[in-house]
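# Summary of the model geometry
Here are the chains, one letter per residue:
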Amino acid sequence: MYSIIQKIYEKNNKILKEGLKKVLSGEDVSFLTVAIKEFTDILGKELFSEIAHQLDEIIFEDNKKKKQYEPVRFQEKSLITKNGKAKFERRYYQDKETGEYVYLTDAVLGIDKGERIDKKVKSEVIERANDQSYNKSGKMVVPGLEISATTVMRNVRKNEWDMEIEERKEEDKIKAKYIYIQVDEDHIKERNKKGCTISKIVTIYTRKRTLTKPDRIDEVQQIRKELVDKFTFSGLYKDNQKLWEDVAYYIDCTYKKDEIENIFIMGDGASYIKAGVEWIDKSEFVLDLFHLEKYINHLNYDEYLKSKLQEAIDQYDPISTENIMNEAIKKIKQEIKENEQLGRNTKRLKNRLKKIENTKTYLKNQWTGIEAHDKYKDKLTGCCQEGQVHHTLSERMSTDAKVWSENGIDEMSQLRAFTQNGGDIYQKIIDISTAEKREKKIQELEKKVDDLNNQQFTNLSNQLTQLKASIDLANNELEEKKEQLHQADIMLEYPAIEMKYIQFRNDAENYSKIVEQKKVEIDRLTEIRDKISQEIPKIKKEYKDEIYKLAPIVKMLNEADFVNEEHDYSFTPKKGKEYSINETINSIYTHFGF
């Protein structure tokens with residue numbers, strides 16, 4: 001390693017010398033620091049390239065690899081790293097057994113097929129894109145190298161940012177009497193669409209904690225509240241059932257059910273929010289006072305009626321509330337009528353009437369949520385979901401006239417929630433890559449198992465064909481014997497012929513027994529084939545991970561030499577004792593428990 005670094009230093013030390021020379025001649029020290037940064041970037045790129053080259057040579061000299069893989073050609077690879085774009089050459093191999101082509105050096109270095117950006121760089125780009133535009137994010141991670149906005153966007157959308165929720169051990173679950181679920185949405189402009197697209201957000205917590213933060217003036221304290229045990233879900237969630245299934249599953253995995261007394265679902269009363277009561281046990285809907293106040297403010301034009309309405313709602317009096325709204329509607333209608341008689345424009349009054357009628361309907365539909373404030377007044381903490389919407393979604397997605405695609409809205413909403421929940425973007429990328437490699441390996445093993453099954457079916461079919469041919473031959477010989485017996489019956493008067501007749505009859509009986517034995521063998525083999533056909537798909541579906549255990553059997557059969565000895569088929573592994581095909585099949589049956 002030292003020799004590699006020494007070689008790179010000798011090649012690029014002019015950069016350091018130039019920087020040092022400028023400083024010694026009276027220039028600012030920044031010339032030296034810039035030179036050091038440039039040199040270390042070059043050192044990092046070339047050191048990586050040299051290590052990759054030596055690793056490729058080690059793989060090439062490996063005797064085990066030589067037996068399995070055949071080198072085809074050299075191929076250059078470029079990879080964007082923290083030090084810049086590194087380039088190196090590695091060999092392209094072909095698997096002698098499967099014919100598959102692969103870069104073994106890439107596999108050892110953990111570089112995925114088609115990967116052009118190092119996973120650490122990719123994670124930092126996505127972290128920046130979480131807070132700022134794709135264009136800016138691509139320019140800020142690797143100095144002197146710009147990653148296009150399209151590439152940044154593609155990497156954000158390539159990964160699914162749902163948080164992996166694992167059930168906690170019972171002793172690790174959270175004890176909480178009350179759980180609060182705040183639900184709201186942000187309205188985001190979608191490209192090539194009239195109007196906005198709704199991205200939903202759910203915030204779950206157990207209580208609020210008051211924090212004080214010193215302001216610039218010592219005597220002034222800035223007071224704010226923090227949500228304890230906070231967890232966020234966000235995304236388009238076009239399927240409301242999926243939204244509440246996720247929330248219910250999180251609660252089941254995180255909280256001790258026996259400790260929960262009430263779960264409060266707080267929001268503006270939209271149907272998808274109130275539907276959560278049907279999915280979450282021990283839950284009650286509570287109307288968000290922020291949205292209630294917005295509807296009360298529709299009466300701002302009449303302070304007297306507004307104060308009466310506020311008083312009726314504070315006293316949780318539905319009858320007085322409805323009467324006040326009816327009075328407000330009656331007044332506006334009377335005013336519209338008078339203006340029409342005078343020939344005045346009534347458009348503004350009609351719009352006001354529509355708002356007041358909507359307010360009346362809203363208060364009537366949400367009255368249960370309003371009364372919940374009185375019923376649970378000692379348990380409620382107040383809803384702060386508007387702040388969560390702004391902090392999680394609006395400041396990145398709906399301010400400054402941003403425009404998104406539908407897929408972009410969904411992915412960015414999930415990413416914002418993922419990072420707020422403490423998700424590690426780099427680890428998520430690693431996990432996705434590992435899962436993809438695991439899935440590919442499983443598919444390869446499944447293919448080998450399928451090939452093994454096909455070979456077994458082929459062998460059974462060949463045995464059945466030969467047995468049928470043997471039976472046909474025995475039937476023909478039997479018919480010949482019968483014909484000979486018939487001729488013998490005619491000539492029974494001669495003692496010598498009688499002896500021959502007896503011999504013919506005995507032979508016929510023996511052949512009849514052979515035919516019956518062959519038929520039994522055919523039935524047995526047919527039953528075996530049908531059972532394999534029925535059981536293999538079930539096993540592949542229910543015990544997917546058990547496929548790995550079949551690898552030794554696949555290897556044993558692939559290495560075996562089959563021999564045909566009259567009516568018995570056997571195979572001899574290249575090393576070890578001889579096994580019959582029936583013994584091999586029985587071993588497979590025993591493994592699966594047939």
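Residues numbered from 1 in each chain as written. Predicted model: local features only at pLDDT ≥ 70, side-chain atom pairs only at ≥ 80, totals over all residues. Heavy atoms only, no water.

## Looking at the sheet that holds strand β2 (residues 84–95)
Rules: DSSP bridges decide pairing: two strands pair if at least two such bridges lie between them. Secondary structure is summarised from DSSP: a helix means a run of H or I of at least four residues, a strand means a run of E of at least two, and numbering begins at the N terminus for each. Any two residues having at least one pair of non-hydrogen atoms within 4.5 Å are treated as being in contact. Between N-to-C directions, angles cover 0 to 180 degrees, with each direction set by a line fitted to C-alpha atoms, over the stretch in contact for helices.
Taken together, three strands build an open sheet; the order of strands is β1-β2-β3 and the sheet is antiparallel. For this open sheet the edge positions go to β1 (69–81) and β3 (101–102), each flanked by a neighbour on one side alone. Examined bridge by bridge, β1 and β2 share 12 bridges and lie antiparallel to one another. The partner of Ser78 across the bridge, within β2, is Lys87. In this fold helix α2 (residues 30–61) packs onto β1 and β2, with an angle of close to 10° to the strand it touches most, β2.

## As for the side chain of Glu185
Using the following cut-off: We call a residue buried when its accessible area falls under 20% of the maximum for its residue type, exposed when it is over 50%, and partly exposed in between, using a 1.4 Å probe and counting protein chains only. His is not counted here, nor are the chain ends, while Lys and Arg score as positive and Asp and Glu score as negative. Between Lys or Arg on one side and Asp or Glu on the other, a salt bridge is scored when a side-chain nitrogen of the former is within 4 Å of a carboxyl oxygen of the latter. Definition of a polar contact: a pair of N or O atoms within 3.5 Å, with one able to donate and the other able to accept a hydrogen when the atoms are protein atoms, and with sequence-neighbouring residues admitted only if both atoms are side-chain atoms.
Note that Glu185 resides in strand β4 (residues 178–189). We note that Glu185 is buried and unpaired, the nearest opposite charge coming from Lys200 at a distance of 7.4 Å. A polar side-chain atom of Glu185 sits 2.4 Å from a polar atom in the side chain of Tyr272. Setting aside residues up to four positions removed in sequence, Glu185 forms contacts with Ile198, Ser199, Lys200, Ile201, Asp268, Tyr272 and Val389.

## So, helix α7 (residues 149–158)
Think of an α-helix as 3.6 residues a turn; residues three or four steps apart then line up on the same face. Counted only if it meets this: Here the arc refers to the set of directions running from the helix axis out to each C-beta atom.
Among the residues making up α7, those that are buried are Val152, Asn155 and Val156. For α7, the angular spread of the buried residues around the axis is 100°, confining them to a single face. Of the exposed residues in α7, the ones pointing more than 90 degrees away from its buried face are Arg154 and Lys158. Summarising the contacts, the buried residues of α7 are in contact with α5 (119–129), α6 (134–140) and α17 (406–420).

## Focus: the packing of aromatic side chains
In this description, an aromatic ring pair is defined by two values, namely the gap between the centres and the angle between the planes. Threshold: Two rings belonging to Phe, Tyr or Trp (six-membered ring only in the last case) form a pair when the distance between their centres is within 6.5 Å. Interplanar angles under 30 degrees mark stacking, angles over 60 mark edge-to-face geometry, and anything in between is tilted.
All chains considered together, the criterion is met by 15 aromatic pairs. Seen from their ring centres, Phe231 and Tyr250 are 4.3 Å apart, and the 20° between their planes marks the pair as stacked. Here Tyr250 lies in helix α8 (residues 240–254) and Phe231 lies in strand β8 (residues 231–235), a separation of 19 residues in the sequence. Consider the rings of Phe233 and Tyr250, whose centres lie 6.0 Å apart with planes at 80°: the pair is edge-to-face. Taken together, the residues Phe233 in strand β8 and Tyr250 in helix α8 connect sequence positions 17 residues apart. Comparing Phe233 with Tyr250, the two get one shared label, buried. These aromatic residues form a ring-pair network of at least three members: Tyr178, Tyr180, Tyr205, Phe264 and Tyr376.

## Here's the deal with the layout of surface pockets
In this approach, a probe sized like a water molecule rolls over the atoms, and the result shows the empty space that is left. Heads up, the rule is: Points on a 1 Å grid, built from protein atoms alone, make a cavity when a 1.4 Å probe fits but cannot get out and make a pocket when they are open with protein on both sides within 12 Å along at least 5 of 7 lines; residues with an atom within 4 Å of a point are the lining residues. Grid points are joined across faces, edges and corners, and a volume is the space filled by probe spheres set on the points. Here the term charged refers only to Asp, Glu, Lys and Arg, the term nonpolar to Ala, Val, Leu, Ile, Met, Phe, Trp, Tyr, Cys and Pro, and the term polar to all other amino acids, Gly among them.
The computed volume of the second largest pocket comes to approximately 380 Å³. Lining the second largest pocket are 21 residues, and of these Asp162, Met163, Phe233, Tyr237 and Asp246 sit closest to its centre. Within the residue set of the lining of the second largest pocket, elements represented by two or more residues are β8, α8 and α17. If you tally residues by element for the lining of the second largest pocket, the top one is β8, at five residues. Per-class residue counts for the lining of the second largest pocket are 10 nonpolar, five polar and six charged.

## Some details on the sheet that holds β4
Overall, mixed pairing links the five strands, which are arranged β8-β5-β4-β9-β10 in an open sheet. For this open sheet the edge positions go to β8 and β10 (283–287), each flanked by a neighbour on one side alone. Direction aside, the axes of adjacent strands within the sheet are offset by 20° on average. Both β4 and strand β9 (residues 262–267) contribute to a ladder of five bridges, which runs parallel. The residue of β9 that forms the bridge with Gln182 is Met266. Across the sheet, α8 is in contact with β4, β5 (196–205), β8 and β9; its angle to β5 comes to roughly 15°.

## Here we look at the confidence of the model for the protein chain
Applied cut-off: The predictor reports its confidence for every residue as pLDDT, a score running from 0 up to 100.
Scored by pLDDT, the protein chain has a mean of 82; 80% of the residues are at 70 or more. For residues 560–579, every residue scores under 50 in pLDDT, and the model assigns this stretch 39 contacts once sequence neighbours within four places are set aside.

## As for helix α15 (residues 367–375)
Among all positions in α15, only Trp367, Gly369, Ile370, Ala372 and His373 are buried. The inward-facing, buried residues of α15 abut β10, α11 (289–296), α12 (303–314), α13 (318–341) and α14 (347–365).

## Examining the nonpolar core
Rules: Buried Ala, Val, Leu, Ile, Met, Phe, Trp, Tyr and Cys residues form a nonpolar core when they are joined through side-chain atoms within 4.5 Å.
Ile179, Ile181, Ile204, Phe233, Val247, Ile251 and Tyr255 are the most contacted members of the largest nonpolar core, which has 47 residues in total. Tallying contributions element by element places α8 first for this core, with seven residues. Filtering out sequence-adjacent residues up to four positions away, Tyr255 remains in contact with Lys173, Ile174, Ala176, Ile179, Ile204, Thr206, Asp229, Tyr250 and Ile260. In this structure, Val141, Trp161, Val389 and Met412 belong to the second largest nonpolar core, which totals 26 residues.

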